[in-house]
Amino acid sequence: MLKKGTLFEKFSKKCYEIENVSSRNMKIRLLSDFLITVFPDEIAIVARFFSNRIFPEYSNLSLDIGGTTVWKVLRSLEGQFSLFEKEKLTIMDVYTYLKKIAETSGQGSRKRKEMLFRSLLSRLSSIEKTYLIRLIFGELRIGVSEGLVLESISNASGIPTDKLRRAYMLLGDIGEIAYKAIVGGYKNIESVSLTLFRPIKPMLAEMAYSIREIFKEHEGKTALEFKYDGIRVQVHKKGEKIKVFTRRLNEITYNVPDIVNVVMDHAREKSLVLDGEIIGIKDGKPIAFQDVIRRIRRQRDFYAYLKNIPLKVYFFDIIYLNGEMIIEKPYIERWNILSMILDEEFLAKRIITDDLREADEFYKKAILNGHEGIIAKKLDSFYEPGKRGKKWLKLKIVDTIDCVILAAEWGHGRRMGWLSDYHLGVYDEDKGRFVMVGKTFKGLTDEEFEEITKKLLSLKIYEEGNIVYVQPKIVVEVAYSEIQRSPKYESGLALRFARITRIRYDKSPYEVTSLRELQERFYNQLKFKSSVDI
Ligand code: AMP
């Protein structure tokens, strides 16, 4: 009996076809034709797959299969032929497998995940394997972006892209959008609205490098707010019911009872959605970001943590109020509404200014109070969920040190074939050797990746798994946002958000930053922050 459903092979071949046409319009045509031909219950999956996703964005599911497992399974299947022709898998079969892998948890789950993955791969042909693995690594590499998928859905359904984009901002799942548009039609998309207790993606900020740049971008006048270094939260409230979500749309309500209480006691409106940041405060100073995370994730001794690391919330936006979406009101109006609902102590510190000196003072004040910097918000800007743009600009302190590369990991996805994740070391004068302080693959151009891969391979000492250990010769300048304590590294310290800013061929490895210097910087940084010990 023939199975009902589109074969995964057909999807893979379509990917190959799309990858090999360069015209944007042609890609859209191929995509939309495919979306129309698949069965209705496959539309959402296919739309997600084409957008390099397996599960909806708001879902907590993730595969948790690392590169090492993928290569191991692939290698073990090499040269194995089956005597029998295997039944081909449909798109739904593959999705069901992936879902099962993601849902496998608890003791022994790594082994069980690997077994499922092996069983899945053993049933796929070579072209199917190629695209499945790319999908697992989050990049199909067929030259299709989320925007292009939206255009294809528009082409397939006849619904204008801006309508689809709006609905997508509110639903946060391109799969559901595709299904609603193609099966349900225009009215279905038009009627999409924010649903309380289903979080939407927060608006994001782009990096700025000076106050002057901010004024230029925001045409001379702007709102500046402290940039708190904590956890972005979206709070939904209806009557007595309150839920708190993170920027990745995970629910954390039960971990933050203190924040729930603030909203319950101080935001009296019937229903609302607030956007803000929570940080930990001790002795009047913010505590390090990693301690806030510890507090949030804590399950054992939760109440001891609750007492020792009190959280504070600073709201800076309002998205929804008593049945009305207010994202299409300008920032200044949204702030006015917000400040009528909440007392100043629960709002982000902010000023509105057109004066360079005043702005500079405010920035200094943020840093001296132990915060990360400032965020500038254009006064007439709307709230654009999920969008990173110049309407919001962040200005942070950036520091750099020099590190030597101790090892590198083979990349996957777009960086396949390159050594791309670099283990960074500083010099420990006491021990007379280099010690690791972080890892990064950020900051280099494609040419630099290629060049550095060649250099590193010529310095290779030995290889283990996908890590190549090298002679410590190449020096890089590394920018970071903060130094953290690290039980993982022998050095005891780790760089947060490390990014390579330059390759310093001009420097010898023994000129890199010393561990002592890094420790000094760490203590200096702590002067502005409070430390916690429980
Ligand atoms: P970044 O994580 O460096 O991209 O900076 C953006 C993040 O800063 C946001 O996602 C928030 O979590 C955080 N943040 C802290 N204070 C504010 C603020 N006043 N306005 C907007 N975002 C803020």
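Model, not experiment: these values are computed from the prediction. (Residues numbered from 1 in each chain as written. Predicted model: local features only at pLDDT ≥ 70, side-chain atom pairs only at ≥ 80, totals over all residues. Heavy atoms only, no water.)

**Topic: the overall build of the chain**
Thought 1: Within the chain, the secondary structure is distributed over 19 helices and 20 strands.
Thought 2: Taken over the C-alpha trace, the chain has a radius of gyration of 25 Å; the compact-globule value for 534 residues is 24 Å, and the two agree within 12%.
Thought 3: Projected onto the principal axes, the alpha-carbon positions of the chain cover approximately 70 × 65 × 50 Å.
Thought 4: Here the chain holds 534 residues, and the buried ones make up 52% of them.
Thought 5: Long-range pairs, those at least 24 residues apart, make up 71% of the contacts in the chain between residues at least 6 apart in sequence. (Helix = DSSP H or I, 4+ residues; strand = E, 2+ residues; numbered from the N terminus. Rg over C-alpha atoms; globule rule 2.2 N^0.38 Å. Buried < 20%, exposed > 50% of the residue type's maximum accessible area, 1.4 Å probe, protein only. Contact = heavy atoms within 4.5 Å.)

**What to know about the packing of aromatic side chains**
Thought 1: Going through the model one piece at a time under the given rule, you end up with 20 aromatic pairs.
Thought 2: Ring centres of Phe 34 and Phe 50 lie 6.0 Å apart, and the angle between their planes is 75°; on these two criteria the pair is classed as edge-to-face. Here the residue Phe 34 occupies a position in helix α2 (residues 24–37), and Phe 50 occupies one in helix α3 (residues 40–50), the gap between them amounting to 16 residues.
Thought 3: Taking relative accessible area as the criterion, Phe 34 reaches 2% and is therefore assigned buried.
Thought 4: On the basis of relative accessibility, which here comes to 1%, the residue Phe 50 falls in the buried class.
Thought 5: For the ring pair Trp 418 and Phe 449, a centre distance of 5.4 Å and an interplane angle of 20° mean the geometry is stacked. Taken together, the residues Trp 418 in the loop between β12 (399–410) and β13 (419–428) and Phe 449 in helix α18 (residues 446–458) connect sequence positions 31 residues apart.
Thought 6: Looking at Trp 418, the relative accessible area reads 15%, which means it is buried.
Thought 7: For Phe 449, a relative accessible area of 3% corresponds to the buried category. (Phe/Tyr/Trp six-rings, centres within 6.5 Å; stacked < 30°, edge-to-face > 60°.)

**What about the site of the ligand?**
Thought 1: In the vicinity of the ligand, 14 residues are found, and the nearest of them are Glu 225, Arg 232, Glu 277, Lys 377 and Lys 394.
Thought 2: Note that an oxygen atom of the ligand is positioned 3.0 Å from one of the side-chain N or O atoms of Lys 227.
Thought 3: Within the side chain of Glu 277, one N or O atom sits 2.4 Å away from an oxygen atom of the ligand.
Thought 4: About the coverage of the ligand: the protein hides 93% of its 490 Å² of free accessible area.
Thought 5: Those elements that provide at least two residues to the shell around the ligand are β2 (222–227), β10 (373–377) and β11 (388–396).
Thought 6: Counting residues per element, the shell around the ligand draws most heavily on β11, which supplies 4 residues. (Near = heavy atom within 4 Å. Polar contact = N/O pair within 3.5 Å; in protein donor to acceptor, adjacent residues only side chain to side chain. Areas by Shrake-Rupley, 256 points an atom, 1.4 Å probe, with all protein chains shown as cover.)

**So, the sheet that holds strand β1 (residues 204–207)**
Thought 1: On the basis of which strands lie adjacent, the open sheet formed by 5 strands has the order β1-β11-β10-β2-β9 and mixed pairing. Two strands in the sheet have a free side with no partner beyond their single neighbour: β1 and β9 (350–353). Looking at each pair of strands side by side, their axes are set apart by 35° on average, direction ignored. (Pairing = 2+ DSSP bridges. Axes fitted to C-alpha atoms, helices over the stretch in contact; angles between N-to-C directions.)

**Considerations on the domain arrangement of the chain**
Thought 1: Domains assigned within the chain are domain 1 (8–190), domain 2 (204–396) and domain 3 (400–525).
Thought 2: Using only C-alpha atoms to locate each centre, domain 1 and domain 2 end up separated by 35 Å.
Thought 3: Facing 5 residues of domain 1, the contacting portion of domain 2 comprises 7 residues.
Thought 4: The contact between domain 1 and domain 2 buries some 480 Å² in all, and 63% of this surface belongs to carbon and sulfur atoms.
Thought 5: Contact with domain 2 buries surface across domain 1, with Asn 60, Met 169 and Leu 170 losing the most and accounting together for 68% of the total.
Thought 6: At the surface where domain 1 touches domain 2, the tally comes to 0 salt bridges. (Domains from an automatic or database assignment. Buried area = accessible area lost by both parts, 1.4 Å probe. Salt bridge = Lys/Arg side-chain N within 4 Å of Asp/Glu carboxyl O.)

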